[in-house]
Amino acid sequence: MGDITPPAYPTLFFFEVGQWWDYAMLLVVIALLAGAAWLAQRNMWVVLALFVVVPIALTIFWWPHSTAGTASAGWFPIVKQYSALAGSLCLVALQVFPRLRHNRWYLLIPPIILAVNIAEAVVRDFQCYGIHGVDPSQGMVTWGGPWNIMNGIAGILNLLAISGWVGIFVSKGKERALVWGDLTIGWIIAYDLWNFAYVYNCLADRAWYSGVALLAACTIPALMSFGRGAWIQYRAYTLTLWSGVVLTFPHFMHDSMFAHRSSHNPWALLIVSAAALIANVWMFVAHVRVIVTKQRNPFTQEIHADEATYASWVRDLASAEDKELIAARLGTTPQEAGFVAADSR
């Protein structure tokens, strides 16, 4: 690990020291992304503006020219934007068209998109193992090492623990949140550690915003009462919005006054990937244990639906029909599964 050239700027282990406005802008980005996703979840006019009108206008008039000569040039940012946008619109369709909510083939779309995105990042982590210096494909400094292999394994475990998509439901509240309960809090934390390590390993100088800010913008709402179970919706929406920002303002992360670079510290790289690997091993073992002990099928059933947190989401947010369907897949009743409040029994 001694082959890494130290950066010529002062660092604080994970990132450069920076200025106060770097930290203030981090909070602003988190708040704006989370707030826009919250509005899009609740208002179809916001969805129309953010995910249809604005992308079409920028595609025609701005994005073909905005990234020329910048680190955001090339096909990858464009593909990321449109794949994220397609994923977001697929989730919106579940809100708008009730007949899709119990279509097993349509419900395969969210896990497929999620799995493909994880797989792409895993492949990239393994590729970066052999890069030492400026990455010719990205134009950024990248230092490959054992951390890439560790985090690639973490990503594979995270992907293999995706389950229960057949149980995605739309909440009965006015926000019509998309609840995917098998993406448990434990899975989300493991995903966040893996995804941050991926960005930190492979897109180091983007990790302040594309790692810390972007992950915080979808995870903080998911940990609050209004975002219970709806992590996938916040993740898709915030990723779509941020991908658009990167194309629209390509200098923001790279050479503006708000750019905040990685420390390129080998011990920092090792620590974040080790944390990701440990978290994902723990999560995967726990996931498999539930599958084995309760004899659950991850392709046709919800694995964790009768656990306390998931059961509370179903109890508070699911319609009576969805409660019956989820319980039937578990071979029980809504009452026995804890999906009905005690005073309603």
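Details of the structure are given in the entry above.
The shown structure was predicted, so the numbers you read here are calculated from the model rather than taken from an experiment.

Trainee: Just checking my understanding: could you explain the overall build of the protein chain for this structure?
Mentor: A count of helices and strands for the protein chain gives 13 helices and six strands. Relative to a compact globule of 345 residues, whose C-alpha radius of gyration would be 20 Å, the protein chain shows 21 Å and is just as compact. A principal-axis box enclosing the C-alpha atoms of the protein chain has dimensions of 65 × 45 × 35 Å. Relative to its 345 residues, the protein chain shows a buried fraction of 54%. Working note: accessible area of the protein chain is about 15500 Å², and carbon and sulfur atoms make up 70% of it. Between the mean site of the 20 positive side-chain charges and the mean site of the 20 negative ones, the protein chain shows a separation of 7 Å.

Trainee: How do you make sense of the environment of Gln295 when you look at a structure like this?
Mentor: Within the secondary structure layout, Gln295 lies in the loop between α10 (266-294) and α11 (308-317). Gln295 sits in the exposed class, given a relative accessible area of 70%. Sequence-wise, Gln295 and Tyr209 are 86 residues apart; in three dimensions their C-alpha atoms are separated by 41 Å. Dropping the residues within four chain positions of it, Gln295 is found in contact with Val290 and Gln301.

Trainee: Mind showing me how you'd approach a nonpolar patch on the surface here?
Mentor: On the surface, Phe126, Tyr129, Ile149, Ile153, Ile156 and Leu160 cluster together into a nonpolar patch covering about 500 Å² of accessible area. Looking at the nonpolar patch element by element, the count peaks at four residues for helix α6 (residues 146-160). Topologically, Ile156 is positioned in helix α6. Taking relative accessible area as the criterion, Ile156 reaches 37% and is therefore assigned partly exposed.

Trainee: When you look at the pattern of salt bridges in this model, what are you seeing that I'm missing?
Mentor: For side chains bearing opposite charge, pairing can occur when the charged atoms are close. The full count for this structure, using the stated rule, is seven salt bridges. Ionic pairing is found between Arg329 and Glu302, a salt bridge with its closest N-O pair at 2.6 Å. Within this pair, whereas Arg329 is found in helix α12 (residues 320-329), its partner Glu302 is found in the loop between α10 and α11, the two being separated by 27 residues in sequence. By the burial criterion, Arg329 is buried, and Glu302 matches it. Through salt bridges with shared partners, a single ionic network connects Arg228, Arg315 and Asp316.

Trainee: What is the right way to look at the packing of aromatic side chains in this model?
Mentor: Describing an aromatic ring pair means giving the distance of the ring centres and the angle of the ring planes. Applying the stated criterion across every chain yields a total of 22 aromatic pairs. Relative to Trp208, the ring of Phe15 has its centre 5.1 Å away and its plane inclined at 70°; by these criteria the two rings are edge-to-face. With Phe15 in strand β2 (residues 15-16) and Trp208 in helix α8 (residues 207-222), this residue pair connects regions lying 193 residues apart in the sequence. For Trp208, a relative accessible area of 8% translates into the label buried. One aromatic cluster is present, formed by Phe13, Phe14, Phe15, Tyr23, Phe196, Tyr200 and Trp208 through successive ring pairs. Note that Arg261 overlies the ring of Tyr9, its terminal NZ or CZ placed 3.8 Å from the centroid.

Trainee: How should the packing of helix α7 (residues 185-202) against α10 be read in this particular structure?
Mentor: When two helices pack together, their arrangement is given by the angle between the helix axes and the distance between those axes. At their nearest, the axes of α7 and α10 sit 8 Å apart, and the two run at 155° to each other. Classed by the angle they form, the pair α7 and α10 counts as roughly antiparallel. Crossing angle aside, the handedness with which α7 passes α10 is left-handed. Contacts between α7 and α10 involve Gly186, Trp187, Ala190, Leu193, Trp194, Phe196, Ala197, Tyr200 and Asn201 from the first element and Ala268, Leu269, Val272, Ser273, Ala275, Ala276, Ala279, Asn280 and Met283 from the second. The residue inventory of the contact of α7 with α10, partitioned by class, reads 14 nonpolar, four polar and no charged.

Trainee: What exactly am I supposed to notice about the side chain of Ser171 here?
Mentor: Its place among the elements puts Ser171 in the loop between β5 (169-170) and β6 (178-179). Take Ser171: its relative accessible area is 4%, and that puts it in the buried class.

Trainee: I tried to follow the packing of α6 against α7 on my own but got confused; where do I start?
Mentor: Where α6 contacts α7, the two axes come as close as 10 Å, and the packing angle between them is 145°. Classified by chirality, the crossing of α7 by α6 is left-handed. Facing α6, whose interface residues are Trp147, Asn148, Asn151, Ala154, Gly155 and Asn158, α7 presents Trp187, Ala190, Tyr191, Trp194, Ala197, Tyr198, Asn201 and Cys202.

Trainee: Help me out: how do you make sense of the nonpolar core in this one?
Mentor: Across soluble globular proteins, you tend to see nonpolar side chains buried next to one another. Core analysis: the biggest nonpolar cluster contains 84 residues, and Leu114, Trp187, Trp194, Tyr209, Trp231 and Trp242 have the highest contact counts within it. With eleven residues, α7 is the largest single contributor of residues to this core. Beyond its immediate chain neighbours, meaning those up to four positions away, Trp187 contacts Leu114, Ile118, Asn158, Ala161, Ile162, Trp231 and Met283. By size, the runner-up hydrophobic cluster in this structure holds 14 residues, among which are Val179, Ala327, Ala337 and Phe339.

Trainee: Would you mind showing me how to read helix α9 (residues 231-248) here?
Mentor: For an α-helix, the turn length of 3.6 residues means that residues three or four places apart are oriented alike. Under the 1.5 Å per step criterion, the end-to-end length of α9 is 25 Å for 18 residues, consistent within 8% with the ideal 26 Å. Where burial is concerned, most of α9 is hidden: 17 out of the 18 residues are buried.

Definitions and limits used
- Residues numbered from 1 in each chain as written.
- Predicted model: local features only at pLDDT ≥ 70, side-chain atom pairs only at ≥ 80, totals over all residues.
- Heavy atoms only, no water.
- Helix = DSSP H or I, 4+ residues; strand = E, 2+ residues; numbered from the N terminus.
- Rg over C-alpha atoms; globule rule 2.2 N^0.38 Å.
- Buried < 20%, exposed > 50% of the residue type's maximum accessible area, 1.4 Å probe, protein only.
- Areas by Shrake-Rupley, 256 points an atom, 1.4 Å probe, with all protein chains shown as cover.
- Lys, Arg positive; Asp, Glu negative; His and termini not counted.
- Charge placed at Lys NZ, Arg CZ, Asp CG, Glu CD.
- Contact = heavy atoms within 4.5 Å.
- Patch = residues over 30% accessible without salt bridge, like charges linked within 9 Å, V, L, I, M, F, W, Y side chains within 5 Å.
- Salt bridge = Lys/Arg side-chain N within 4 Å of Asp/Glu carboxyl O.
- Phe/Tyr/Trp six-rings, centres within 6.5 Å; stacked < 30°, edge-to-face > 60°.
- Lys NZ or Arg CZ within 6 Å of the ring centre and 35° of its normal.
- Axes fitted to C-alpha atoms, helices over the stretch in contact; angles between N-to-C directions.
- Parallel < 35°, antiparallel > 145°, perpendicular 65-115°, else oblique.
- Left-handed = near helix turned anticlockwise from the far one by under 90°.
- Nonpolar A, V, L, I, M, F, W, Y, C, P; charged D, E, K, R; others polar.
- Core = buried A, V, L, I, M, F, W, Y, C linked by side-chain atoms within 4.5 Å.
- Expected span 1.5 Å × (residues − 1).

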